[in-house]
Amino acid sequence: MDLDSAIEEVRRAFEKDAAGLSPEQLRNRYVGRDGRVRELFGLLKSLPPDRKGSAGQKLNAFKEELERRVEELRRGRASAGSPRAVVDLTLPGRAPELGRLHPVYRTWDEIVRVFTRLGFEVVTGPEIETEENNFEALNIPLEHPSRDAFDTFYIEPPYLLRSHTSPVQVRTMKARRPPIRVLAPGKVFRPDKPDAGHSPMFHQVEGLLVGRDVTFAQLKGVLDLFAKAMWGPRTRIRFRPSFFPFTEPSAEVDVSCFICGARGCPACKRSGWMEILGSGMVHPKVLEHCGIDPEEHTGFAFGLGVERIAMLKYGIPDIRRFTENHFAFLEQF
């Protein structure tokens, strides 16, 4: 059977059913997710490539036609009048469903609240950035893998979608003189294929402190206070040597597993520790690039992913849950 004949057959069946079915039943049977029109779209597979475009347009037009007919029937039957319902004005009203904070922004607020109590000021910046602020000013050379198109959304030279919130630190250091103590929360973008642990858009919070005689010991103190405020006074942290182009020395920071009390569980892979952020002393070249004398001032910086903290905090195994908008998931928070 060709496509035109199949459409005509469905149209006749629709008009026949319209006499006995409700508009909602018609909608489900013909234009719903598993309806007859959906079955017609399956015929596209058997068509040659040069006919698929016009056939698809024809099916879309047919679907719109049936949707209009369903709406006409619904309005017609409503105006025909069912007996006016008796309203009991003494019954209590329905309580409206209250909105609530998304778990990512709930976690974001918790993180920001801790650091603002430590004297950090929240600053923001544009999500469309320049290569200069996203890479060069952060001592990330041209040949660094993070500058590859596979790791960055390029728009047109010199613009891109920022791949981290560090450009906000750069903008702040270029605009202000030390002492600087800021927190930069925001969205970041990377061309990652969505899976349980990756998303092309996620949120980061980065901190920066620059001044005279700022030391690594102060960084450890700030992050220890943060960990205890977030996960309880018994939380411990540890630093592991690492490498980032914009900090020297650099370190990954782990917290003792707050789920099992550092005894070892599946969440911490039986290690008793969970990795939560990267940190380090601001590289002298970064300070110099932003117009700050590295002989006179030093600083530390740190950054963490908000989704990762929320996943650990609420025991969420898949980052995609945050953007699927399933009401059953969101109403838990």
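Coordinates for the structure precede this section.
Thresholds, definitions, all that
Residues numbered from 1 in each chain as written. Predicted model: local features only at pLDDT ≥ 70, side-chain atom pairs only at ≥ 80, totals over all residues. Heavy atoms only, no water. Pairing = 2+ DSSP bridges. Helix = DSSP H or I, 4+ residues; strand = E, 2+ residues; numbered from the N terminus. Contact = heavy atoms within 4.5 Å. Axes fitted to C-alpha atoms, helices over the stretch in contact; angles between N-to-C directions. Buried < 20%, exposed > 50% of the residue type's maximum accessible area, 1.4 Å probe, protein only.

> Before we move on, can you summarise the sheet that holds strand β5 (residues 180-189) with the specific residues and values?
Pairing is mixed in the open sheet, where seven strands are placed in the order β1-β5-β6-β10-β9-β8-β7. Lying at the two open borders of the sheet, with one neighbouring strand each, are β1 (121-122) and β7 (237-244). Pairing geometry for strand β6 (residues 201-211) and strand β10 (residues 298-305), over eight bridges, is antiparallel. Counted as the bridge partner of Val205 is Leu304 from β10. Packing against the sheet, helix α8 (residues 216-231) makes contact with β7, β8 (247-256), β9 (273-282) and β10, and its axis sits at approximately 150° to β9.

> Run through unusual backbone geometry, naming residues and quoting values.
A cis amide bond, omega 10°, links Pro178 with the succeeding residue Pro179. Note that Pro179 resides in the loop between α7 (166-175) and β5. A cis amide bond, omega 0°, links Glu248 with the succeeding residue Pro249. Following the sequence through the fold, Pro249 ends up in strand β8. Of note, Asp213 is a non-glycine position whose phi angle comes to about 60°, a positive value. The topology assignment puts Asp213 in the loop between β6 and α8. The class of Asp213 is exposed, set by a relative accessible area of 66%. Here the phi dihedral of Arg270 falls at roughly 65°; this positive angle occurs in a residue that is not glycine.

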